[in-house]
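Reading the structure
As a plain string of letters, each chain reads:
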Amino acid sequence: MTSKTRVLVISHGHPSFSLGGAEVASYNLHLGLSDLPGWESHYLARVAPPVSRHAGSHLLSLRQKPREILFHADDYDHVRGSNRNLAALETDFVRYLKDLRPDVVHFHHFLGLGIETVLAVRHALPGVPVVFTFHEYLAICHHHGQMVKTQRNALCYRASPADCAGCFPQMGEAQLYRREQFLKTFLELCDAYVSPSHFLIDRYVDWGLPRAKFRMIENGLTVEEIAPPRPIPRGGRRNRFAFFGQLTEFKGAHVLVEAASRIPQKVWGDDSALMIFGGNLERQPPAYQKHFTEQVQRAGRRVRFYGSYRAAELPGLMKDVDWVVLPSIWWENSPVVIQEAFLHGRPVIASNIGGMAEKVQHGVNGLNFRNASVEDLVDRLIETLTSPDLWDRLRMRIRRPIDRTECAERHVAVYEDLLGRSRGAAEAAPERAVARPS
Amino acid sequence: MKTRTRRHAAPGPEDGPPPVDETAAPDGFVEVVGRFAGEGLLIQGWTTGAIAGATEVVAETRVRCRHAAVLATFPRDDLKPGAGGVLAILPEADIDPAAIRRCHLKVGAAWRRLDLFGQRTLLPDGDAEGHLRHMLAKLEATDADRRTLRRLAAPRYAGHDTVSGSALPVRAAIDLAVRVPGAGVWLSGWPLDPTRRVEAATLNAGRWSVRADGEWMRAVRRDVTEGFAQNPRFAPLLAGADDRHGFAGFVPVPDDVAADAAFHLELAVGEDAFLFLPVSPVPPNGEFVRRILCAVDPDDPAADALIARHVVPPVRAAERPVPGPATVHDLGPARPDPRLSVVIPVVDGREDVDLSLARLAVDPDLAQGEVLVVAGAASNARLPRAVRAAAGFYRLTVRLVLAPRARDAIEAIAAAVPHVRAARVLLLSTAVVPPGGGWLGDLERAAMRPGRPAMASPTILYEDHSVRFAGIVLDDAALPVAQYAGYPADWIRDAEPRPVAGASLDCAMLPRAWLETAVRAGGEGFVGPERKALDLSLRIAAAGGPCLWIPAVRVVAVDEAPRAGDEPWRRAAAVVDRLAFAATWPRVANATVGAAP
């Protein structure tokens, strides 16, 4: 037995199988903690079909790195966020907890795992602090955790059983109320919450979780290589725009493609380009696939479609990019794309809502445009194409995002606090970070 | 559930009443004598001072036998004052009415002598019930005795179904009746009883009977409702009724009920009416266990109790491994005195075991050894030919053991044991891929330490380097668990050999004598192979053979069969095995040495 403080990071997915932002963030935290002297991190991630499990256990290795383990869970109630196979939690999950005996358990999601895992930890490891990081609004919002209305994707400002029943009339207030209470039953058992944005904290506080338990810690990046600015000839323009992300409707790539199409040719010129790095279009609703594909075809040579990419490819892709555009039509939380753009010194053009507005300050490190407004985005793109020194001015004010080690150190401060050996470094959540909508 | 077996009074002079004065006038006369179908005697006559209720009667033939009796009285206006009619039922008497010379009736502490009336009526066999029914209205008896009399007066089982043609709104059928040798009878079927007339259901076989419906499991049988929905007699009664017509349950039957005994179900409908349904149990077949597991709802809050009561006993009896016949074919080079025997049970449809044989053939530690390939019930018909070819090519001494009755690996191992020639045995599943590099020698040295032999298993990993087996240990509740199952192999990187509660029969080295002892002792019946294997491992440990886990020796085993689904019957099977295991190994902690570190 080592004398190191042992943390178990629990994620709803392993980046080897699911390359989502939360998965990457949780894994980076695991790596960051492992780098710190006196700390030892273990990583448990959920896997599901098409990965199959062994007959003898829901736990499996799948040849991951040491101190990493996978938990197979495939009986999940998406309404309640509940794992229907409680027996598997009681046996294999709890067995692992008891054998590992971590000093801190840090959840990064409950999706697929089931929110009851929090209670399983409480039962198996009484007295061990439990931390929960929120990556979006899934506990609050049944609409994929987006806080966007099911009708016309309008932004949602407030969740309540009555409001939510407007989105899900077939479920009704009673069921939605039960959903909320079920999730809160377990979330309230946690000792601390972590959020990568103040905006998300506000949303959960509005929902009913105590502000005092929240800490804002940005996700930490794993820095391999910094992409230098794209070389341009004297008098050349910073006119390469890039979209990085999944091609879901909520990510708003269609807004960006439409805006790029509408820019007058004399402004766009011959060498401007919009580069789309994103995948999973084939998994979207057919209507959206058709709409988006037609848009790209209409845009002609202005839009280049590169398909999906791996995280390790990002520095290489970023070398050819001047601006990163984040046109999401939902709130976002703390998009890794913004941090990565800032890491490589690329100003960001982002929607003026939620986590994007918090991270991208207009005229400081990027530009904001009115959410889902093609016209406003057209104006911002024209501004970038017609303001020769804008890129350099914004780039100079970009602050380097924290790396995974820095992120881990900030988490350690939270853990130390919970373990009663506080070094006083944990940053408490401010009273209210983002103005309440009028 | 109370089992009722009827007993006979043993005849003998000492059983009779005190000596009586043969010259004195009798206290009354016997006028009617008859015998009930099956068993029991009716004696009717008159005497003085008789009191209705339980008493004793001596029916005097060549000997004087004393019997328990139920006495009813009835008024007679043809007798002197103080005298009255009496009707005695001797429920357990088995006497020829024609052989009776006189009777003695106990009244209080005294005995009344009733001589045989000259014009007595000797009822023909089978008429006693009718006579009693005729008398019932005028008899005076306690309420309890009146119920007994009504029961005796009721029609007896005559070997055929009286439910189907009954005028009462009651129907019933037996879907499955299985006599599990040494255990009892499994019954499932349905009674349709919309007006709740059936008060009790009793299973009978000859003189033995038992109340069967006390705790039996109920089930929804919509098909029964629908089947009678157009029946004008039942349709009005079924409106609004639920569909829980089905029943299923296990009835323990004592061993003294003959194996070929005829059973019938007796439905009590009201105080003095009975319906009968023949029950013809069949022996359990291969589908029996699954069928009864399908009858269980594992999500029923009372599932554990119901399964323990109705399913565990027949499953344990039906699944108990029975060594079947085996034939042996010696293949490859002859080696009459091998140093090590490797037993490979083949209980699936694979056509060959070439990887296992090839790996063993190139392992120098198996030199001077033999391999027993045991072909179980489900083995492929082409397996023997492939094994024969491999034995020749690899120059391996192979004993092909054909065990067509072996249903699983444990039974295949049991079938192979008599044919194992070496004093050391390696049990090796076909799922295990034998590694190279002296693993066999390492395992053998661990298992055969001088003076401290053990049943030793290596670490078994899945192909993705998850732990499949790293010893069976006991959890906080003294229940066996596979430690570290599913963990990354790195977790046990520095582990040392340690005693455990159970080894893995997928790969284990042990002395042949221990295996022989454990197999000879027989095993308990389990549905799933995991508990069965653990049972055998624990039996070996309980017989004195400690189990060791050798972490440094690592082999890989793969899941070749698709993972079993989560159907309700499988969950029921898991409950059965859990309960059966708990019953078999109630204090497994005391029997073993392993415990979670």
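About the criteria used
- Residues numbered from 1 in each chain as written.
- Chains lettered and ligands numbered in written order.
- Predicted model: local features only at pLDDT ≥ 70, side-chain atom pairs only at ≥ 80, totals over all residues.
- Heavy atoms only, no water.
- Helix = DSSP H or I, 4+ residues; strand = E, 2+ residues; numbered from the N terminus.
- Buried < 20%, exposed > 50% of the residue type's maximum accessible area, 1.4 Å probe, protein only.
- Polar contact = N/O pair within 3.5 Å; in protein donor to acceptor, adjacent residues only side chain to side chain.
- Contact = heavy atoms within 4.5 Å.
- Salt bridge = Lys/Arg side-chain N within 4 Å of Asp/Glu carboxyl O.
- Core = buried A, V, L, I, M, F, W, Y, C linked by side-chain atoms within 4.5 Å.
- Domains from an automatic or database assignment.
- Disulfide = S-S within 2.5 Å.
- pLDDT = per-residue confidence, 0-100.
- Pairing = 2+ DSSP bridges.

All names here are of chain B. Along the chain, the position of T225 falls in helix α3 (residues 222-227). On the basis of relative accessibility, which here comes to 9%, the residue T225 falls in the buried class. At 2.7 Å, the side chain of T225 and the side chain of H245 are in polar contact. Ignoring any residue separated from it by four or fewer positions in sequence, one finds T225 in contact with L238, D242, D243 and H245.

Further remarks concern the pattern of salt bridges. Scanning the model with the defined rule gives 54 salt bridges over all chains in all. Note that D322 of chain A is salt-bridged to R230 of chain A, the shortest N-O span being 2.8 Å. With D322 of chain A in the loop between α10 (314-318) and β14 (323-326) and R230 of chain A in the loop between β10 (214-216) and β11 (240-244), the pair connects residues that are 92 residues apart, well separated along the chain. When sorted by exposure, D322 of chain A lands in the same class as R230 of chain A, which is buried. A salt bridge links R102 of chain B to E60 of chain B; the shortest N-O distance between them is 3.3 Å. Remark: E60 of chain B occurs in strand β4 (residues 53-60) and R102 of chain B occurs in strand β7 (residues 102-107); sequence separation between them is 42 residues. Across the pair, E60 of chain B and R102 of chain B agree in class, each one buried. A single salt-bridge network, built from bridges that share partners, covers E258, R262, R298 and E375 of chain A.

Negative phi values dominate among residues other than glycine, just as trans dominates among peptide bonds. Residues and elements named next belong to chain A. Omega for the bond connecting P49 with P50 falls within 30 degrees of zero, at 15°, which places this linkage in the cis form. Along the chain, P50 falls in the loop between β2 (39-47) and β3 (59-60). The residue R63 is not glycine, and still its phi comes out positive at about 55°. Among the secondary structure elements, R63 is positioned in the loop between β3 and β4 (68-72). In the Ramachandran plot, R67 falls in the positive-phi region, its phi being about 65° despite a non-glycine side chain. Mapped onto the secondary structure, R67 falls in the loop between β3 and β4.

Turning to the nonpolar core, a few remarks are in order. Counting 152 residues, the largest nonpolar core has F132, Y204 and F244 of chain A as the members making the most contacts within it. When residues of this core are assigned to their parent elements, the largest contribution, seven residues, is made by helix α2 (residues 86-100) of chain A. Both domains that furnish three or more residues to this core are identified here as domain 1 (5-220 + 404-418) and domain 2 (240-396) of chain A. Leave out the neighbours within four places in its chain, and Y204 of chain A touches F134, E136, Y137, L138, A139, I140, L209 and F214 of chain A. Counting residues in each nonpolar core, the second largest holds 71 residues, with F250, V315, A391 and A573 of chain B among its members.

We now examine the domain arrangement of chain B. Once the domains are mapped, chain B shows domain 1 (3-153) and domain 2 (171-283). Each of domain 1 of chain B and domain 2 of chain B was reduced to a C-alpha centroid, and the two centroids are 35 Å apart.

Within the structure shown, the criterion is met by zero disulfides over all chains. Note on C507 of chain B: no disulfide assigned, nearest cysteine sulfur contributed by C547 of chain B at a separation of 13 Å.

Residue and element names in this part refer to chain A. Relative to the helices and strands, D77 resides in strand β5 (residues 76-77). A relative accessible area of 15% means that D77 is categorised as buried. When sequence neighbours within four positions are dropped, the list of residues in contact with D77 reads S82 and R84.

Before going further, it helps to spend a moment on the environment of H109 of chain A. Residues and elements named next belong to chain A. The residue H109 is located in the loop between β7 (104-107) and α3 (117-124) in this model. Measuring from C-alpha to C-alpha, the distance between H109 and T133 comes to 6.8 Å, with 24 residues separating the pair along the chain. Not counting residues within four places of it along the chain, the set of residues in contact with H109 comprises I10, H12, A22, F132, T133, E136 and L138. Only 3.2 Å separates the side chain of H109 from the backbone nitrogen of L111, close enough to count as a polar contact. For H109, the side chain forms a polar contact with the side chain of E136, separated by 2.6 Å.

This part takes up the confidence of the model for chain B. When the pLDDT values of chain B are averaged, the result is 87; 93% of them are 70 or greater. Confidence drops under a pLDDT of 50 for residues 5-14 of chain B, and excluding neighbours within four residues, the segment shows 16 contacts in the predicted structure.

Before going further, it helps to spend a moment on the pairing of β4 of chain B. All names here are of chain B. Burial analysis of β4 places six of its eight residues in the buried class, which makes it a mostly covered element. Sheet topology note: the β4/strand β5 (residues 64-74) ladder contains eight bridges and is antiparallel. The residue bridging A59 from the neighbouring strand is C65, located in β5. As consecutive antiparallel partners, β4 and β5 are separated by three residues. One ladder, built from four bridges, connects β4 with β7; its direction is antiparallel. The residue of β7 that forms the bridge with A59 is C103.

So, about helix α7 (residues 253-262) of chain A. In an α-helix, one full turn covers 3.6 residues, which means residues spaced three or four apart are oriented alike. In terms of burial, α7 of chain A is largely enclosed, as eight of its ten residues are buried. Turning to α7 of chain A, its buried residues number three or more, namely A253, H254, V255, L256, V257, E258, A259 and A260 of chain A.

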